[in-house]
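Structure assessment
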Amino acid sequence: SQQGEEDPQALSIQEGENATMNCSYKTSINNLQWYRQNSGRGLVHLILIRSNEREKHSGRLRVTLDTSKKSSSLLITASRAADTASYFCATDFGNDMRFGAGTRLTVKP
Amino acid sequence: SQTIHQWPATLVQPVGSPLSLECTVEGTSNPNLYWYRQAAGRGLQLLFYSVGIGQISSEVPQNLSASRPQDRQFILSSKKLLLSDSGFYLCAWSVPPGGRGGYTFGSGTRLTVV
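For the structure given in this document, a descriptive report is provided here. (Residues numbered from 1 in each chain as written. Chains lettered and ligands numbered in written order. Predicted model: local features only at pLDDT ≥ 70, side-chain atom pairs only at ≥ 80, totals over all residues. Heavy atoms only, no water.)

**Some points on the overall build of chain B**
Counting secondary structure elements, chain B contains zero helices and 11 strands. In sequence order, the secondary structure elements of chain B are arranged as β-β-β-β-β-β-β-β-β-β-β. What you see for chain B is a C-alpha radius of gyration of 13 Å, in line with the 13 Å of a compact globule of 114 residues. By principal-axis analysis of the C-alpha atoms, chain B measures approximately 35 × 25 × 20 Å. Out of the 114 residues in chain B, the part that is buried amounts to 49%. Considering only contacts within chain B whose residues lie at least 6 apart along the sequence, 56% involve residues at least 24 apart. (Helix = DSSP H or I, 4+ residues; strand = E, 2+ residues; numbered from the N terminus. Rg over C-alpha atoms; globule rule 2.2 N^0.38 Å. Buried < 20%, exposed > 50% of the residue type's maximum accessible area, 1.4 Å probe, protein only. Contact = heavy atoms within 4.5 Å.)

**Some points on the side chain of E6 of chain A**
All names here are of chain A. Mapped onto the elements of the fold, E6 is located in strand β1 (residues 5–7). Within polar-contact distance, the side chain of E6 engages the backbone nitrogen of G102 at 2.7 Å. If we skip the residues at most four places from it in the chain, E6 touches N22, C23, W34, Y87, F88, C89, G100, A101, G102 and T103. (Polar contact = N/O pair within 3.5 Å; in protein donor to acceptor, adjacent residues only side chain to side chain.)

**A few points about the sheet that holds strand β7 (residues 65–70) of chain B**
Sheet strands pair by backbone hydrogen bonding; their relative direction is either parallel or antiparallel. Residues and elements named next belong to chain B. Spatial ordering of the open sheet is given by β1-β3-β8-β7, a layout of four strands whose pairing is antiparallel. The open sheet has two free edges, formed respectively by β1 (3–7) and β7, since each of these has just one partner strand. In this sheet, adjacent strand axes meet at a mean angle of 20° when their direction is disregarded. Bridge analysis of β1 against strand β3 (residues 19–26) gives five bridges, and the strand direction is antiparallel. Along β3, the bridge assignment pairs T3 with E26. (Pairing = 2+ DSSP bridges. Axes fitted to C-alpha atoms, helices over the stretch in contact; angles between N-to-C directions.)

**Quick look at the interface of chain B and chain A**
Chain B puts 23 residues into the contact, and the matching count from chain A is 23 residues. Between chain B and chain A, a total of about 1600 Å² is buried, with carbon and sulfur atoms accounting for 51% of that surface. The tally of links between chain B and chain A comes to one salt bridge. Across the salt bridge formed by E59 of chain B and R98 of chain A, the nearest N and O atoms sit 2.7 Å from each other. Elements with a minimum of two residues in the side of chain B that touches chain A: β4 (32–38), β5 (44–52) and β9 (87–94) of chain B. Its residues placed into classes, the side of chain B that touches chain A shows 10 nonpolar, nine polar and four charged. (Buried area = accessible area lost by both parts, 1.4 Å probe. Salt bridge = Lys/Arg side-chain N within 4 Å of Asp/Glu carboxyl O. Nonpolar A, V, L, I, M, F, W, Y, C, P; charged D, E, K, R; others polar.)

Here it is as structure tokens:
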């Protein structure tokens, strides 16, 4: 069963704009992770934020976590056409991770 | 370096035929291994995971089975494929416990059952 739910399902922006994607989950977690998937490819791990962290940065990526609201957001600043992909959040669930349905981001040049 | 190999990249199989997808990991020992399936435009559905040789946990009762004959080898099988088995199959590994360092995914196998 899915744990995380991303919002929006699809997002289309112009190059240079910021993109914000949200994730909500249902149960308590140890960590939350964000992944990127280019069309027809495997997922690539982007960033992990632990339950005791509130914000984390990696290059143009900024992730926030609000455990009281059971939600996280991924911000991509100064987007590029190459950022076009699907983005998934995932939460730990026992011995494995559970993934949401993803947000499809399109960055127009 | 740590790598994961998954093959074949694409596969077209008739209904009722058997299936064997293989995944191998290099550069790590005692990994947790996972098989996911992704329907077109959808999220990932966990099918099986393994925490050690011969240890398989099934998340979704279905037409598929998994085996882990060696520490770094994970195989997804079916005796008779159904049309509903079509999808994008992804293998992944993580360092125990529970993928807290992130998962590494293979490049996936696109299976079409006709």
